[in-house]
Amino acid sequence: MKTYKAVIIDDERLAREEVKRALKKYPEFIVVGEANNVDAAIKLIANEDPDLLFLDIHMPEKSGFDLLEELTTVPEVVFTTAYDQYAVKAFELNALDYLVKPLREERFAKTIEKVKQELAEKAKVPQDVLPMHKKIFIKDGESCYFIPISDIYYIESIENYARLYFGDKKAMIKRSLNLLEKKLDTTVFFRANRSQIINTHFIKEIHPHFNNKLHIILISGEKIEVSSRQSVKFKNWNSL
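Residues numbered from 1 in each chain as written. Predicted model: local features only at pLDDT ≥ 70, side-chain atom pairs only at ≥ 80, totals over all residues. Heavy atoms only, no water.

As annotated in an unreviewed UniProt entry, the protein carries the name LytTR family two component transcriptional regulator and is attributed to Maribacter caenipelagi.

Take a look at the structure:
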């Protein structure tokens, strides 16, 4: 039987015990640790590299959203909270799932089924590359997003940050373009030049330019100048 490592993060001990009791019905999930605050959770996650987080949203000092922002690689996440007002926000983030405390057995079972399906899909792709359906968490100022990789159509480098464009929104994350390039599916995402990565599914037009360069226009309207070297690579990459 395939097993998965789970971590429970909640500032209330009784709430952590409740999740552990609910998980006893599912031996494929092994609780490898628990934490009562964000700082302790970060160390625990770094040490255990869990597959799944049961994460309380409302905690003293730092919230569950703050924790996700500080992680370089985010496991699958199920939000838990006793406060109904967070529900709408969590679903707007396209969270994997959201549980209201106290937990209900039937609702918990549906969550576990969803988690297992997601982890099974994740296992089909190389672990160093994020699958296109994978959702990533972005916290930019007061705004939070939980979006599928496939929705990102354009990434640009701004000093030590990267700005991601998705839908009609954009957000900054503290990641280098080189790091992001290693995490993205190179059959879909293409490094156009030193400071820009594009999702080729969103290309509208391609035009030749001087010095054998290419100009790419995205569906959203952005105009991208592909460097000479990358223009050659792009032509070879898309030829029979």
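Picking up where we left off.
> Would you mind going over the pattern of salt bridges in detail, with residue names and values included?
Considering all chains together, one arrives at 17 salt bridges under this definition. Where Glu34 meets Arg16, a salt bridge forms, and the shortest distance between an N and an O atom there is 2.6 Å. Of this pair, Glu34 sits in strand S2 (residues 29–35) while Arg16 sits in helix H1 (residues 13–23), placing them 18 residues apart in sequence. The salt bridge partner of Glu28 is Lys116, with a shortest N-O separation of 3.2 Å. Here Lys116 lies in helix H5 (residues 105–122) and Glu28 lies in the loop between H1 and S2, a separation of 88 residues in the sequence. Here Lys116 falls in the partly exposed class, since its relative accessible area comes to 25%. Where salt bridges share partners, they join Arg16, Glu17, Lys20 and Glu34 into one cluster. (Salt bridge = Lys/Arg side-chain N within 4 Å of Asp/Glu carboxyl O. Helix = DSSP H or I, 4+ residues; strand = E, 2+ residues; numbered from the N terminus. Buried < 20%, exposed > 50% of the residue type's maximum accessible area, 1.4 Å probe, protein only.)

> Tell me about the sheet that holds strand S11 (residues 189–193), and please be specific about residues and values.
On the basis of which strands lie adjacent, the open sheet formed by five strands has the order S10-S9-S8-S12-S11 and antiparallel pairing. With partners counted over all chains shown, the strands left at the sheet margins are strand S10 (169–173) and S11, one partner each. The average angle at which neighbouring strand axes cross in this sheet is 20°, direction not considered. In this structure, strand S9 (residues 161–166) lies alongside S10, joined through five bridges in antiparallel fashion. By the bridge assignment for S10, Tyr165 is matched with Lys170. (Pairing = 2+ DSSP bridges. Axes fitted to C-alpha atoms, helices over the stretch in contact; angles between N-to-C directions.)

> Hey, could you go over the sheet that holds strand S13 (residues 203–208) for me, with residue numbers and the actual values?
The three strands are arranged S13-S14-S15 in an open sheet whose pairing can be described as antiparallel. Across the chains shown, the open sheet's two edge strands, defined by having one partner strand only, are S13 and strand S15 (223–226). Pairs of neighbouring strands in the sheet enclose a mean axial angle of 20°, with direction left out of account. Across four bridges, strand S14 (residues 214–218) lies against S15 in antiparallel orientation. Bridge pairing links His215 to Glu225 in S15. Against the sheet, helix H7 (residues 228–237) engages S13, S14 and S15, with an angle of about 70° to S14. (Contact = heavy atoms within 4.5 Å.)

> Let's hear about the UniProt feature "modified residue: 4-aspartylphosphate" (unreviewed entry) in the protein: which residues, and what values?
Summarizing the sequence annotation, UniProt attributes the feature "modified residue: 4-aspartylphosphate" (unreviewed entry) to Asp56 in the numbering used throughout. Tracing the backbone through its elements, the reader meets Asp56 in strand S3 (residues 52–56). Judged by its relative accessible area of 2%, Asp56 falls in the buried class. Excluding its chain neighbours within four sequence positions, the residues that come into contact with Asp56 are Ile9, Asp10, Asp11, Gly64, Thr80, Thr81 and Lys101. (UniProt positions renumbered as here; feature names shortened; annotations may be inferred.)

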